[in-house]
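A structural walkthrough
So you can see what is in the structure, the chains are spelled out below.
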Amino acid sequence: MSEFTIDVNEENFDSVVMKSDKPVLVDFWAEWCGPCKMLTPTIEALAEEYKDTSSIVKINVDDSPAIATKYGIRSIPSILLFNKGDVVEQRVGAVSKDELAGMLDKIIKG
Amino acid sequence: MHKVIIIGSGPAGLTAAIYAARANLKPLVFEGVQPGGQLTITTDVENYPGFPKGILGPELMDKFRKQAQEFGAETLFENVDKVDFSSKPFKLHVGDKEYEAESVIISTGASAKLLGLESESKLMGFGVSACATCDGFFFKEKDILVVGGGDSAMEEATYLTKFASSVTIVHRRDEFRASKIMQDRALNNPKISVMWNSEIVEMYGDPKDKGLESVDIRNLQSGEIVRHNTDGVFMAIGHKPNSDLFKNQLSLNESGYIITEADSTVTSKKGIFAAGDIQDFTYKQAITAAGSGCMAAIEAERFLEGH
């Protein structure tokens, strides 16, 4: 487990994601999802780089199916970017670190 | 300046990396948008020699990568955006970074073919999928369609019955080209039915709302178009080579595969080699891709020695 990403489930979703005053990037993943595993190093590098300005969290869809359903996740990896409790960006499938960083910068740097 | 840069990280690219690293060429591998390649979206690989009980695709590719790194290959989770092979050294662009190489091995593989509808790309990931093993989970108790008639369509349809309440295979012809054993497995499954002589001509749904909700299916014999409600469409109509990057730089055939000389990985440009599904329109197996990756590394080594 990375020291910079936070594991989120149905219990702490509200406090960690919805009520956060920083932008929150959520990575929906599962143990059986090959492409998700391939995205892991990207997410972890991003989490380290943005540890002061954002929260980078991971949600296991097997453990928290209700959250996946609520946000209409039908493919993983799926990345949702939350700002003040609202989904502001969404990406499905492979995505580069630069693209994710750009999404975060847009909020952080205004 | 790098001696060898490898683009792509499936069985071809990583085998090339193992051989090039062992030849002390210090290869740099750009893993691309799908690190590990197509095997990372399969489940069990049962025909790769050395694994009598089969092995999971992602696990096999992890082993390939570790073996390459063991001998000094550098692998980056980056995607090459642009190449310039017109003069030496060859140039590769990754974002705003430029890399130079004396030789390049291309192993960018293939990706799933789509129907080409605008609505299809809009709904990709929102009910439309090209990866049953990735997305099947989200279709529990749903009614879904699989498009195609080959082995991969049969495999996907059968796999998806683990989740879905019904799976309908939509196929353009009145018979499958899949192997007998795969057809039987699918057709004997009570959850699977088939719409013969049919094709999807339009998809409906809002990616920001419920995603895919229905599709128009045309009967190719009568011409009649009927709207069907569905929760998901899985594409299994074959693959196309990922060669867009190399248009106007290398000779491609009419289907987009990089043309290589007979029994070799040599392309139309000296110093550029191509291995795996990007140049193989016949076998397309992990083992043949690995074999041609090995050939590419040996040919690159000889090319560099001749300099």
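Let me begin by describing the structure that accompanies this report. (Residues numbered from 1 in each chain as written. Chains lettered and ligands numbered in written order. Predicted model: local features only at pLDDT ≥ 70, side-chain atom pairs only at ≥ 80, totals over all residues. Heavy atoms only, no water.)

1. As for the sheet that holds strand S14 (residues 198-206) of chain B
Hydrogen bonds along the backbone pair up the strands of a sheet, which may run parallel or antiparallel. Residue and element names in this part refer to chain B. In space, the three strands of this open sheet follow the order S14-S15-S16, with antiparallel pairing throughout. The open sheet terminates on both sides in strands that have one partner only, identified here as S14 and strand S16 (225-229). Neighbour to neighbour, the strand axes of the sheet diverge by 25 degrees on average, direction disregarded. Two strands pair when backbone bridges link them, and strand S15 (residues 211-219) and S16 are joined in this way by five bridges, in the antiparallel orientation. The partner of Val215 across the bridge, within S16, is His228. (Pairing = 2+ DSSP bridges. Helix = DSSP H or I, 4+ residues; strand = E, 2+ residues; numbered from the N terminus. Axes fitted to C-alpha atoms, helices over the stretch in contact; angles between N-to-C directions.)

2. Things to note about the nonpolar core
One finds A:Phe28 and A:Ile76 to be the most contacted residues of the largest nonpolar core, which totals 43 residues. For this core, the element with the most residues is helix H5 (residues 151-160) of chain B, which contributes five residues. Apart from the residues within four sequence positions on either side, A:Phe28 is in contact with A:Cys36, A:Ile59, A:Val61, A:Ile67, A:Ala68, A:Ile73, A:Ile76, A:Pro77, A:Ser78 and A:Leu80. Core analysis: the next-biggest nonpolar cluster, separate from the first, contains 31 residues, B:Ala21, B:Phe64, B:Ile105 and B:Ala290 among them. (Core = buried A, V, L, I, M, F, W, Y, C linked by side-chain atoms within 4.5 Å. Buried < 20%, exposed > 50% of the residue type's maximum accessible area, 1.4 Å probe, protein only. Contact = heavy atoms within 4.5 Å.)

3. With respect to the interface of chain B and chain A
Frequently, the measure chosen for interface size is the accessible area that the parts lose on association. Facing 21 residues of chain B, the contacting portion of chain A comprises 15 residues. Of all residues in chain B, B:Phe126, B:Phe137 and B:Phe138 give up the largest surface area on contact with chain A, accounting jointly for 34% of the area buried on that side. For the pair chain B and chain A, the interface holds zero salt bridges. Counting across the interface, chain B meets chain A through five residue pairs in polar contact (both at pLDDT 80 or more). Counting residues per element, the ones that place at least two in the side of chain B that touches chain A are helix H2 (57-70), helix H4 (132-135) and S15 of chain B. Residue composition of the side of chain B that touches chain A, by class: 11 nonpolar, five polar and five charged. (Buried area = accessible area lost by both parts, 1.4 Å probe. Salt bridge = Lys/Arg side-chain N within 4 Å of Asp/Glu carboxyl O. Polar contact = N/O pair within 3.5 Å; in protein donor to acceptor, adjacent residues only side chain to side chain. Nonpolar A, V, L, I, M, F, W, Y, C, P; charged D, E, K, R; others polar.)

From the geometry alone we can't say anything about function, so treat these as descriptive.
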